[in-house]
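# Structural features, examined
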Amino acid sequence: MSIDVRPATDFDDVRAVLGPKSPGANVCWCLSYRIPSKLNKELRGPARGDYVAELCQADPAPGVLAFEGDVPVGWAAVAPRSDTAFARNRKIPHVDDLPVWSLWCVRVRPGHRKQGISHALISGAVDFARAQGAPAIEAYPLDNGDAKVDLTMAYAGLRKNFERAGFTYAAPTTSVLAGHPRILMRLDLH
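Owing to the predicted nature of the structure, the values given are computational and were not obtained by experimental measurement.

Cut-offs used in this document
- Residues numbered from 1 in each chain as written.
- Predicted model: local features only at pLDDT ≥ 70, side-chain atom pairs only at ≥ 80, totals over all residues.
- Heavy atoms only, no water.
- Helix = DSSP H or I, 4+ residues; strand = E, 2+ residues; numbered from the N terminus.
- Rg over C-alpha atoms; globule rule 2.2 N^0.38 Å.
- Buried < 20%, exposed > 50% of the residue type's maximum accessible area, 1.4 Å probe, protein only.
- Contact = heavy atoms within 4.5 Å.
- pLDDT = per-residue confidence, 0-100.
- Salt bridge = Lys/Arg side-chain N within 4 Å of Asp/Glu carboxyl O.

## Comments concerning the overall build of the chain
Regarding its fold elements, the chain presents five helices and seven strands. For the chain, the α and β elements follow one another from N to C terminus as β-α-α-α-β-β-β-α-β-α-β-β. The C-alpha radius of gyration of the chain comes to 15 Å, within 12% of the 16 Å expected for a compact globule of 190 residues. In terms of its C-alpha atoms, the chain occupies a principal-axis envelope of roughly 40 × 40 × 35 Å. Classification of the 190 residues of the chain by burial places 47% in the buried group. Contacts in the chain between residues far apart in sequence, at least 24 positions, make up 64% of those at least 6 positions apart.

Following this line, the structure appears as structure tokens:
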């Protein structure tokens, strides 16, 4: 199976991976860490998808999508940290003053999991950030060891998958997700 990863510029493709079954549902749309908390709470139902549709028209795109043929099968959110809630997050430290990019969500559609798509998404997000001139990229995955992780909470990624992609441990965090500590991992892009 060949997986192609490219910028998320087509809203219909993003909706296929992140959108709700019911158009009025209040799903994340991967906005929780992208926008200020107040705006995140104000955007309800279809307004959340409308906001993401606008992001897909922006430069740079709001992330990358993995495709199997023409079918979108996965998503990774990646953006300059300064443009995300991680710029102000008290639980996830700043390692230095570099204008790093953040990779905070990796999602693979049901029916396509356990096929290496998350690895392709991480690699594609790294390539995307590098192409945009990012000096380094950070992720905040779960440090779960061999423990099972609830799939709905695995969006932050797993330490071992980021290690496999060349990221290294950079700092502890005080963030905990699904009972697992999150760590800050980093990859220099120069």
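What follows picks up the thread again.
## Regarding the confidence of the model for the chain
In the predicted model, the chain carries a mean pLDDT of 94, and 99% of its residues have values of at least 70. Confidence, expressed as mean pLDDT per element, reaches its minimum in the chain at helix α2 (residues 37-42) with 93 and its maximum at strand β5 (residues 136-139) with 98.

## As for the pattern of salt bridges
Following the criterion strictly, the structure yields nine salt bridges and no others. Two residues, Asp 143 and Arg 159, come together in a salt bridge whose shortest N-O distance is 3.1 Å. On the criterion of sequence distance, the pair formed by Asp 143 in the loop between β5 and α5 (159-164) and Arg 159 in helix α5 is long-range, its members being 16 residues apart. Look at Asp 143 and you get partly exposed, because its relative accessible area is 27%. Arg 159 sits in the partly exposed class, given a relative accessible area of 23%. Salt bridges here are not isolated pairs; linked through shared partners, they connect Arg 81, Asp 96, Glu 138 and Arg 186.

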